[in-house]
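The residues making up each chain are set out below.
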Amino acid sequence: MTVTEQEKASIKENIELLLSQVQENKTAENVTVMLATKTVSTEKIAYAVNECGINAIGENKVQELLEKYEQIKDLPCQIHFIGTLQTNKVKYIVGKVSLIHSVDSDSLLKEINKRAEKLGIIQDILIEVNSGREENKGGVMPENTEAFLEKALQYDNIRVKGIMTMAPKCENKSDYHNYFSQIYKLFIDICKKTLDNVNSPILSMGMSDSYVQALQNGSTMIRVGSAVFGKRNYNNN
Ligand SMILES: *Cc1c(COP(=O)(O)O)cnc(C)c1O
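The notes below deal with the structure included here. (Residues numbered from 1 in each chain as written. Predicted model: local features only at pLDDT ≥ 70, side-chain atom pairs only at ≥ 80, totals over all residues. Heavy atoms only, no water.)

A short note on the packing of helix α1 (residues 5-25) against helix α2 (residues 42-52)
Remark: α1 packs on α2, axes separated minimally by 10 Å, with the N-to-C direction vectors making an angle of 55°. With respect to their mutual orientation, α1 and α2 come out oblique. Of the two possible hands of crossing, α1 and α2 adopt the one that is right-handed. Of α2, the residues touching α1 (which contributes Glu7, Lys8, Ile11, Lys12, Ile15 and Leu19) are Lys44, Tyr47, Ala48, Glu51 and Cys52. Counted by class, the contact of α1 with α2 contains six nonpolar, no polar and five charged residues. (Axes fitted to C-alpha atoms, helices over the stretch in contact; angles between N-to-C directions. Helix = DSSP H or I, 4+ residues; strand = E, 2+ residues; numbered from the N terminus. Parallel < 35°, antiparallel > 145°, perpendicular 65-115°, else oblique. Left-handed = near helix turned anticlockwise from the far one by under 90°. Contact = heavy atoms within 4.5 Å. Nonpolar A, V, L, I, M, F, W, Y, C, P; charged D, E, K, R; others polar.)

Here it is as structure tokens:
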């Protein structure tokens, strides 16, 4: 699939705006802009990486990641996995992604460790925290995060780099502050207690709708899709 000049111009303009808003709103010293690339063609992804200074992308479906992998694996960017992960699919992604954002169960920890051990690598992960305590969402409950983290630290082939959260969708954007400030507190607490030996711990929070508020509350990594690539069309990618 080719990318039209018009599409390129739009991607570039959106990224430039995004990067300037990151500079304006960030409170963490260093912020990584990770582009969420579900339904986005590999040609557009390559353009964003090669021509617009993006150095991290994330896919949220194992199947889609595998379909795109040959085309994206040599790009000068990190590839992350950001979606809900089933234990039986872990084997397909360990070794292919530099960071898994969405770890929230013992069975995932066990399986990731097993696969990483087999490959002789250490897999970096984030613990997903359910900031809105939503039943239909993944993530450990905030109050259980520390205990879960302690468990994760016992696996030799896993390195916990920090936490990730997806806030509930807020009609009123200022409501995001509520969720993000709580997760930031949790993050700081965890960094002191259990991640004190991790270099540059990661707080992955903020999407197209909420990255400004996330940055204002200490996010070190935002995951942005539609604000750069436009509204997703799931039927026509
Ligand atoms: C799609 C996705 C995003 C980005 O969503 P946008 O609203 O398009 O910015 C962020 N995080 C995860 C886990 C996603 O699946």
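Focus: the nonpolar core
By size, the foremost hydrophobic cluster in this structure holds 64 residues, and its most contacted members are Leu35, Ile100, Ile125, Ile127 and Ile163. Broken down by element, the residue count for this core peaks at seven residues, all from helix α7 (residues 176-193). In this structure, Ile125 is in contact with Leu99, Ile100, Val103, Leu109, Ile112, Ile158, Arg159, Val160, Lys161 and Gly162, ignoring residues within four places of it in sequence. Membership of the second largest hydrophobic core comes to nine residues, among which are Met34, Ala56, Ile82 and Leu126. (Core = buried A, V, L, I, M, F, W, Y, C linked by side-chain atoms within 4.5 Å. Buried < 20%, exposed > 50% of the residue type's maximum accessible area, 1.4 Å probe, protein only.)

Some details on the pairing of strand β1 (residues 32-36)
Burial analysis of β1 places four of its five residues in the buried class, the great majority of the element. Of the pairings in the sheet, the one linking β1 to strand β8 (residues 221-224) comprises four bridges and is parallel in character. Bridging from a neighbouring strand, Leu35 pairs with Val224 of β8. Pairing between β1 and strand β2 (residues 56-59): two bridges, direction parallel. Its bridge partner being in β2, Leu35 is matched across the sheet by Ile57. Following the backbone out of β1, through α2 and into the adjacent parallel β2, one traces a crossover that is right-handed. (Pairing = 2+ DSSP bridges. Right-handed = clockwise from strand over helix to strand, strands pointing away.)

Focus on the site of the ligand
Taken together, Ala36, Lys38, Asn60, Ile82, Met166, Met207, Ser208, Arg223, Val224, Gly225, Ser226 and Arg232 make up the full set of residues near the ligand. Lys38 has a polar side-chain atom sitting 2.7 Å from an oxygen atom of the ligand. Ser208 places a side-chain nitrogen or oxygen 2.5 Å from an oxygen atom of the ligand. Starting from 380 Å² of accessible surface for the ligand in isolation, the protein chains cover 92%. (Near = heavy atom within 4 Å. Polar contact = N/O pair within 3.5 Å; in protein donor to acceptor, adjacent residues only side chain to side chain. Areas by Shrake-Rupley, 256 points an atom, 1.4 Å probe, with all protein chains shown as cover.)

Things to note about the packing of aromatic side chains
Per the counting criterion, the structure on display carries one aromatic pair. When the centroid spacing of 5.8 Å and the interplanar angle of 10° are considered together, the rings of Tyr176 and Phe180 count as stacked. Residue Tyr176 and its partner Phe180 are located together in helix α7, separated by four residues, close to a single helical turn. The same class applies to Tyr176 as to Phe180, namely buried. When the ring centre of Tyr69 is taken as origin, the NZ or CZ atom of Lys96, which lies over that ring, is 5.5 Å away. (Phe/Tyr/Trp six-rings, centres within 6.5 Å; stacked < 30°, edge-to-face > 60°. Lys NZ or Arg CZ within 6 Å of the ring centre and 35° of its normal.)

Thoughts on helix α6 (residues 145-152)
Those residues of α6 that fall on the buried side of the exposure criterion are Thr145, Phe148, Leu149 and Ala152. Each buried residue of α6 sits inside an arc of 100° when the element is viewed along its axis, so together they form one side. Looking at the buried residues of α6, the elements they touch are β4 (99-103), α5 (106-119), β5 (123-129), β6 (158-165) and α7. (Arc of directions from axis to C-beta.)

Here we look at the side chain of Ser131
Along the chain, Ser131 falls in the loop between β5 and α6. A polar side-chain atom of Ser131 sits 2.9 Å from a polar atom in the side chain of Thr165. Look past the residues within four positions of Ser131 in its chain and what remains in contact with it is Thr165, Met166, Ala167, Pro168, Tyr179 and Ile183.

Brief notes about the pattern of salt bridges
Evaluated as defined, the whole model comprises 16 salt bridges. For Asp209, the salt bridge identified is with Lys169, shortest N-O distance 2.9 Å. A residue pair is termed long-range when its members are at least 10 positions apart, and Asp209 in the loop between β7 (202-204) and α8 (211-216) and Lys169 in the loop between β6 and α7 qualify at 40 residues. Here Lys193 ties to Asp189 by a salt bridge, and the two come within 3.2 Å at their closest N and O atoms. Taken as a pair, Lys193 and Asp189 lie in helix α7 at a separation of four residues, close to a single helical turn. (Salt bridge = Lys/Arg side-chain N within 4 Å of Asp/Glu carboxyl O.)

Such coordinate-based values are descriptive only and should not be taken to indicate function.
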